[in-house]
Amino acid sequence: MSLLISGIALGCVYALIASGFSLIYRGTAILNFAQGGFVVLGGYVAYTLASSASLPFAVAVPLAVLVMGVFGWALQQAMFVRLAGRPLFTLFLLTLMIDSLLITGMNTYKPWSQSPKEIPTPWAHDLTTIAGSTVPTASLWVIGISIVVLAALAWWLSRSWLGLAMEVNASDHELAGILGMRVRRVSAVAWAAGGALAALAGTFLAVFPQLLDPSSHAVGLRAIPAVILGGISSGMGAVAGGLIIGLVEVYTAAYAPDFLGTNLHLVVPYALMLAILLVRPQGLFGKAEVHRA
Amino acid sequence: MSSRLGWAAAAAVLLVYPFVVGDDWIRAGVMAGIAAIAAIGLNVLTGVARQFSVGHAGFIAIGAYITAYFMTEQGWSFLLAAPVGTLAAALCGLALAPLATRLRHMALALVTLGLVFLVQHVIRNVSALNGGGGTRIVPDISLFGTDLGLPSVYGPFEVDRLQQYYFFVLAVAVAVGVFTTLMLRSRTGRAMGAIGEPSSELLAAHSGVSVRGATRQAFIFSSALAGLTGALTAPFVQVLALADFGLGLSIEYLAIIVIGGLGLVSGAVYGAIFVMLLPQLVEAVAPALPFIAERGETSGVSTTNFTVLIYGVLVIALLLFEPRGIAGIVQTLRDRFPKEVMPRWISRSQTSSG
C-alpha cells in the first residue's frame, strides 16, 4: 500500500511535468528538452521563497508557479518568437542548450547546489495510516493537489478557445495562422503553462520524503518517456503515461531481481519508451499521424 | 588557389603546434583531434541527413569500454581492439537503425536519449566492462612495437607521450576527414544530403533515393565514428569514468557542430578545436576573472562549468543570429574580401604556385 501511494505520488509529479511538455508540444510543435531544467529551477524558486524568504507554503508555491510561468513566457518572447518558421532542429537544439545552461547555472550557484534541499510544508514529516500501512501525509497532499490542478487544466482546455487552437496548432501550424488563430498567443500561453506546471512538479520533488538537488533533473528527463508512452498529442496520455511510469519505477525499485543490475528503476522508463516507440509510435492514447506520400 | 595557401598554413600550424605550446595545450589539442572524429560523424547524421541524435555519448561509451575491455582483459593490441570497439558501436547503430528509419527526425532524438541511459546502465552493471571498481584503467597504445606512452626519437626529433599521441590522432582525424569528404561527394553522401534538405524527402524518394537506406547509412556511419572516438579516448585518458559519458557529452557534441558549422566536415573540425581548447583559454584568463575558482578550490565557478556556460550561450547566440556557425562566418569574411582586393603578395603567390 505504501508502495502504491509513493508510486502514485511520483506518477503525479511525472504527470505534471509530462502535461507541461505535451502542452508546449501541442501549442508550438516544439519538444521542450528544457522541461527538466524548468522543474529543478521551479523547485529552487519555491525553496527560496518558502525557506529563505520564510513565506508560508500556501503563498510560496503559487508564487513560484507564477514566477516560472512568467519565465516560460519570457523565454518564448525572447527566443522562440524570433525563430518561428526555422527548422525544427534549431528549436530542438535551443531547448537542449537552455537546459544545459539552466543545470550548469544551478550547479554553479552554491546556495542552491551545496546540499539537497527540502521545502518546509505544513505537514512536516507527519505520517498517516491508510489500510494498515503508514504513508507520509505530504504524499497524499501531493496526489490531491496534482489531481485538482490536472483536472482544472483539462477542464480549461476543453472549454476555452485555447484548447481548440492548440489542437489545430499542433496538427498544422500554418493552417492555424490562416484560420485566424492567434498562433503567437497560443505559443505564449503554452510556454507559460509549461513553466508553471514544471514549478509545481519541482516543488513536489522537494517535499518530504523527497529532497531536491540539481540531479533531480533526471526526474524531469524521465517525464519524456511518460509523454511518449501516453501519447504526445493527447493531454490524457501525458497524465496516464506519468502515472504508469511512476508506478513502474517504484515497483521496479522494490521488486526487480538482482541480476538485472542496480538502479534498474532509473532506466526502465526508457526501456518502456523504446518498446512503445517500436510497437505504437503514437503512444497509448495518441492519434496516429497520417502521412500522404 | 588561395585555398591552397590556406591549407598549407593550416598544415604548418598543426605540425608546429605541439612543439611550441605547453603540455596542457597539447593535451587539449589531442582531445580536439579525438573529438573531431565523432563530431564529423554527428555532422553527417545531424547536419547533412538532418536526423536528430542525442545518443552520441552512448556510442562513444560503447567504443571506449569495448576497446578498453579487449586491451585490458584480453591483452589485445590497440590496432586489434580499436576496430572491434568501432565495430561494436556501428553494430549498435545497426541494431537501432530500424527505429531510426521508422521514427525520423524528432522521434529519433527520443530513442537516442533512451540509448544513453541504457548504455550507462549496462556498463555500470557489467564488471567485465567497467573494470570492477567503477573506473577502468587502460594501457597506452602500442603501434608495431612503439609504445606511444614512452618518449621516442625519430631522426632529429625527440617526442614525448603527448606529442606522439598528437601526431597519431592527427593522422587518424585527417584520414577520417578526407574519407568523409569523399563519401559526401559520392552517390551515398549526396543521397544523405537529399533526405536532409527540409521537406524534400518526397523529392529525394522520387529521384530514386532510398530514404530509409540513406537514413540507415548515415546513422551507422555516425555511430562508427563515435565508436572510433571512444576507442581513441580510452588509451589516451587512461582512466575511464562512466559519469563522463552522460547526456552532457552528447550536448557537447551538438554544440561542437553548431559552433563549427552544420553539415560541413570543416565545421565539425572548427567546432571540435574551439570547444576542446576553450577550457585552456578559460584557464589562461582565469586569474583576471575573480569569480572563477582556482584549481582545487571550491568557491566560485569551476573552469568546466564556466566553459559549459560559455559554449551554451554561444550556441544559443549562433542559433539566433548565425546558424551557419564558424564555417559561415569564415565564408562571409571570404566573400567580403574578393580576390581583386587581396594584398598583392597573396595574388602573386597564387600565380607562382600554379
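Scroll up to find the structure this text is about.
Chains are numbered independently. Their residues run from 1 in the order of the written sequence. Throughout, the order in which chains and ligands are written sets their labels, letters from A for the former and numbers from 1 for the latter. In view of the model being predicted, local features appear only for residues whose pLDDT reaches at least 70, and side-chain atom pairs are presented and counted only at 80 or more, with totals across whole chains, interfaces and linings using the full set of residues. Excluded from the side-chain calculations are hydrogens and water; all other atoms, namely the structure's heavy atoms, are used.

Participant: Help me understand the packing of aromatic side chains, please; the structure alone is not making it clear to me.
Facilitator: Each aromatic ring pair is described using two quantities: the centre-to-centre distance and the angle formed by the ring planes. Working definition: a ring pair exists when centres of Phe, Tyr or Trp rings (six-membered ring for Trp) sit within 6.5 Å. Plane angles under 30 degrees give stacked, over 60 give edge-to-face, the rest tilted. Tallying each qualifying case throughout the model produces 21 aromatic pairs over all chains. Ring geometry for A:Phe92 against B:Phe52: centres 5.2 Å apart, planes inclined by 20°, an arrangement best described as stacked. Here the residue A:Phe92 occupies a position in helix H4 (residues 88-108), and B:Phe52 occupies one in the loop between helix H2 (23-48) and helix H3 (56-72), the pair thus bridging two chains. Partly exposed describes any residue whose relative accessible area lies between the buried limit of under 20% and the exposed limit of over 50%, with all areas from a 1.4 Å probe on protein chains only and scaled to the type maximum. Taking relative accessible area as the criterion, A:Phe92 reaches 1% and is therefore assigned buried. The secondary structure listing takes helices from DSSP runs of H or I that are at least 4 residues long and strands from runs of E that are at least 2 residues long, numbered from the N terminus.

Participant: Mind showing me how you'd approach the nonpolar core here?
Facilitator: Across soluble globular proteins, you tend to see nonpolar side chains buried next to one another. Put simply, buried Ala, Val, Leu, Ile, Met, Phe, Trp, Tyr and Cys residues joined by side-chain atoms within 4.5 Å make one nonpolar core. The biggest cluster of nonpolar side chains holds 204 residues, and the ones touching the most others in it are A:Phe33, A:Phe80, A:Phe92, A:Ile98, B:Phe59 and B:Tyr253. Per-element tally for this core: the top contributor is H2(B), with 15 residues. When near neighbours in sequence (up to four residues on either side) are disregarded, B:Tyr253 contacts B:Ala35, B:Ala38, B:Ala39, B:Leu42, B:His56, B:Ile60 and B:Thr229. Within the second largest apolar cluster, five residues are counted, among which are A:Ile5, A:Ala9, A:Cys12 and A:Ile143. Contact definition: two residues touch when any of their heavy atoms are within 4.5 Å.

Participant: Please clarify how the environment of A:Gln35 should be interpreted in this entry.
Facilitator: All names here are of chain A. Take Gln35: it is sitting in helix H2 (residues 35-52). Judged by its relative accessible area of 1%, Gln35 is buried. Sequence-wise, Gln35 and Ala198 are 163 residues apart; in three dimensions their C-alpha atoms are separated by 6.9 Å. In this structure Gln35 touches Ile17, Gly20, Phe21, Ile24, Gly194 and Ala198, once residues within four positions along its chain are discounted.

Participant: How do you make sense of the pairing of strand S2 (residues 133-136) of chain A when you look at a structure like this?
Facilitator: If a strand is regular, its side chains alternate between the two faces of the sheet. Residues and elements named next belong to chain A. Pairing between two strands requires that DSSP report at least two bridges joining them. Both strand S1 (residues 127-130) and S2 contribute to a ladder of four bridges, which runs antiparallel. Bridged to Thr129 within S2 is Thr134. Counting the residues that bridge the hairpin from S1 to S2 gives two residues, and of these Ala131 lies at a positive phi of roughly 45°.

Participant: Hey, could you run me through the side chain of B:Ser53 in this one?
Facilitator: Residue and element names in this part refer to chain B. Looking at the secondary structure, you find Ser53 in the loop between H2 and H3. Residue classification places Ser53 among the buried positions, given a relative accessible area of 2%. Throughout this description, a polar contact denotes any pair of N or O atoms lying within 3.5 Å of each other; where both atoms belong to protein, one of them has to be capable of donating a hydrogen while the other can accept it, and for residues adjacent in sequence the pair is counted only when both atoms sit in side chains. At a separation of 3.1 Å, a polar atom in the side chain of Ser53 contacts the main-chain amide nitrogen of Gly55. Other than its neighbours up to four places away in sequence, Ser53 contacts Leu42, Leu45, Thr46, Thr112 and Leu254.

Participant: Got a minute to help me understand the interface of chain A and chain B in this structure?
Facilitator: When the parts of a complex come together, some accessible area is lost, and that lost area is often used as the size of the interface. Residue-level contacts link 39 residues of chain A with 39 residues of chain B. When chain A packs against chain B, close to 3,700 Å² is buried across both sides, 81% of that on carbon and sulfur atoms. For chain A, the biggest contributors to the area lost against chain B are A:Phe89, A:Met97 and A:Leu101; these three give 18% of the whole. If one sorts the elements of the side of chain A that touches chain B by residue count, H4(A) sits on top with 15 residues. The buried area of a pairing is the accessible area, by a 1.4 Å probe, that goes missing from both parts when the two are put together, added over both.

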